[in-house]
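# Observations on the model geometry
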Amino acid sequence: MTNDKEQFRIEYQTGKATFERGDYRAAVKHLEKACALINRNSRLGGEAQMWLVTAYDAAGQQTDAIALGQQLTKHPDLDIRKQSTSLLYILQAPQLKRPEEWMTKIPDLGAISESDPIDRRGSGVTRSNPSLKRQIESDAIDLSTVNTKDNQFIWVALVVIAVLVGGLIWWGV
């Protein structure tokens, strides 16, 4: 029995950790093993099943997530019932259609070779794009045209601060 509790703890912690790392399929496997090793009607069994519901959903197994969520709405523990009802409400909510212009396309960078210097950004930008190099050089600021005359602002600010501090000390605040 002690071995089952220890095995449950290992599978449960591993399942939560893999879920948080984004490896949802592995999380499902570990959490399913954990749920098989504990009384599903206990509070800890309910928590493990709640994690399994979210792992199912994240892994794209919505029907399994909804089915388990519906079972958990009848769990003996009140908190598990409340949490599963809220989660089930979210899982069964209709998917909204988003306009294409709201979406940002993320390019697949998996095909870029790390060893190819042409594909590396930042190391050869000016070499591969001479017009960009000319534009950067032409945009350089001529420091002789910049007004560097002191405008006395710092001194005015220091005097105001000194007067305020002196006034606070004078009135004993």
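Placed above this text is the structure.
Just so it is clear, the structure is predicted and the values come from calculations on it, not from any experiment.

For leucine 52, the position within the fold is in helix H3 (residues 43-58). On the accessibility criterion, leucine 52 (2% relative accessible area) is buried.

With that out of the way, let us pick up the packing of helix H4 (residues 62-72) against helix H5 (residues 78-91). Running from amino to carboxyl end, H4 crosses H5 at an angle of 150°, the nearest separation of the two axes being 8 Å. With respect to each other, H4 and H5 are oriented roughly antiparallel. Both H4 and H5 take part in a crossing whose hand is left-handed. Within the contact between the two elements, H4 uses Ala65, Ile66, Gly69, Gln70 and Leu72 and H5 uses Ile80, Arg81, Ser84, Leu88 and Leu91. Grouping the constituent residues of the contact of H4 with H5 by class yields 6 nonpolar, 3 polar and 1 charged.

Core analysis: the largest hydrophobic core is formed by 21 residues, its most contacted members being Leu52 and Val53. Contributing elements (two or more residues each) for this core: helix H1 (2-21), helix H2 (24-36), H3, H4 and H5. Ranked by residue count, the leading element in this core is H3, at 6 residues. Once you skip the residues sitting within four places of it in the chain, valine 53 turns out to touch Ala65, Leu68, Gly69, Leu72, Leu87 and Leu91.

Here is what the cut-offs are and how they apply
- Residues numbered from 1 in each chain as written.
- Predicted model: local features only at pLDDT ≥ 70, side-chain atom pairs only at ≥ 80, totals over all residues.
- Heavy atoms only, no water.
- Helix = DSSP H or I, 4+ residues; strand = E, 2+ residues; numbered from the N terminus.
- Buried < 20%, exposed > 50% of the residue type's maximum accessible area, 1.4 Å probe, protein only.
- Axes fitted to C-alpha atoms, helices over the stretch in contact; angles between N-to-C directions.
- Parallel < 35°, antiparallel > 145°, perpendicular 65-115°, else oblique.
- Left-handed = near helix turned anticlockwise from the far one by under 90°.
- Contact = heavy atoms within 4.5 Å.
- Nonpolar A, V, L, I, M, F, W, Y, C, P; charged D, E, K, R; others polar.
- Core = buried A, V, L, I, M, F, W, Y, C linked by side-chain atoms within 4.5 Å.

Honestly, it's all geometry; don't read function into it.
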